[in-house]
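# Summary of structural features
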Amino acid sequence: MRSTSPQALDVLRIVSDPRTPVFVTEHAGGRRVYGYWRPLDAVGGRGGCYVALSAAECDELYRAGRITLGEPVTDPAKTTYRVRRPEPSIARRLSVA
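Here goes a summary of the coordinates provided. (Residues numbered from 1 in each chain as written. Predicted model: local features only at pLDDT ≥ 70, side-chain atom pairs only at ≥ 80, totals over all residues. Heavy atoms only, no water.)

## A word on the nonpolar core
- Among the nonpolar cores identified, the biggest contains 16 residues, and Val 22, Tyr 34, Leu 53, Ile 67 and Val 83 are the most heavily contacted of them.
- Within the residue set of this core, elements represented by two or more residues are α1 (6-16), β1 (22-27), β2 (32-38), β3 (49-53), α2 (55-63) and β6 (78-84).
- For this core, the leading source of residues is α1, giving five residues. (Core = buried A, V, L, I, M, F, W, Y, C linked by side-chain atoms within 4.5 Å. Buried < 20%, exposed > 50% of the residue type's maximum accessible area, 1.4 Å probe, protein only. Helix = DSSP H or I, 4+ residues; strand = E, 2+ residues; numbered from the N terminus.)

What follows is the structure, encoded as structure tokens:
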């Protein structure tokens, strides 16, 4: 079994947080952009911006079955999907296979 990089663990932590919806946008040319909205932190005054996630890490997690894509929302130039962790029953089946 491959070890998971610190960057991949960070992506999994973010995707697992139900308060942080993560999306991937696939553009017409095939380029994928993963990201989420970081709300403004009232205490530190940081945030209030979109944050990109490493496409290489996210694509690897997707290929490994560690993240899944939801239903597509399509327009002429791009398709957007919600990124989530697999349902526990799916994750169990993937780990057994």
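There is more to say after this.
## A look at the packing of aromatic side chains
- For the coordinates displayed, the defined rule picks out one aromatic pair.
- Both rings, one in Trp 37 and one in Tyr 50, keep their centres 4.8 Å apart while their planes meet at 75°; by these two values the pair is edge-to-face. On the criterion of sequence distance, the pair formed by Trp 37 in strand β2 and Tyr 50 in strand β3 is long-range, its members being 13 residues apart.
- Overall, the relative accessible area of 41% leaves Trp 37 in the partly exposed class.
- It is Arg 32 that lies over the ring of Tyr 62; its NZ or CZ is 5.4 Å from the centre.
- Over the aromatic face of Phe 23 sits the side chain of Arg 82, whose NZ or CZ is 5.8 Å from the ring centroid. (Phe/Tyr/Trp six-rings, centres within 6.5 Å; stacked < 30°, edge-to-face > 60°. Lys NZ or Arg CZ within 6 Å of the ring centre and 35° of its normal.)

## Things to note about the environment of Arg 13
- Note that Arg 13 resides in helix α1.
- Given a relative accessible area of 54%, Arg 13 falls into the exposed group.
- Considering only alpha carbons, one finds Arg 13 and Arg 85, 72 residues apart in sequence, at a separation of 9.7 Å.

Shape descriptors only; they carry no functional weight alone.
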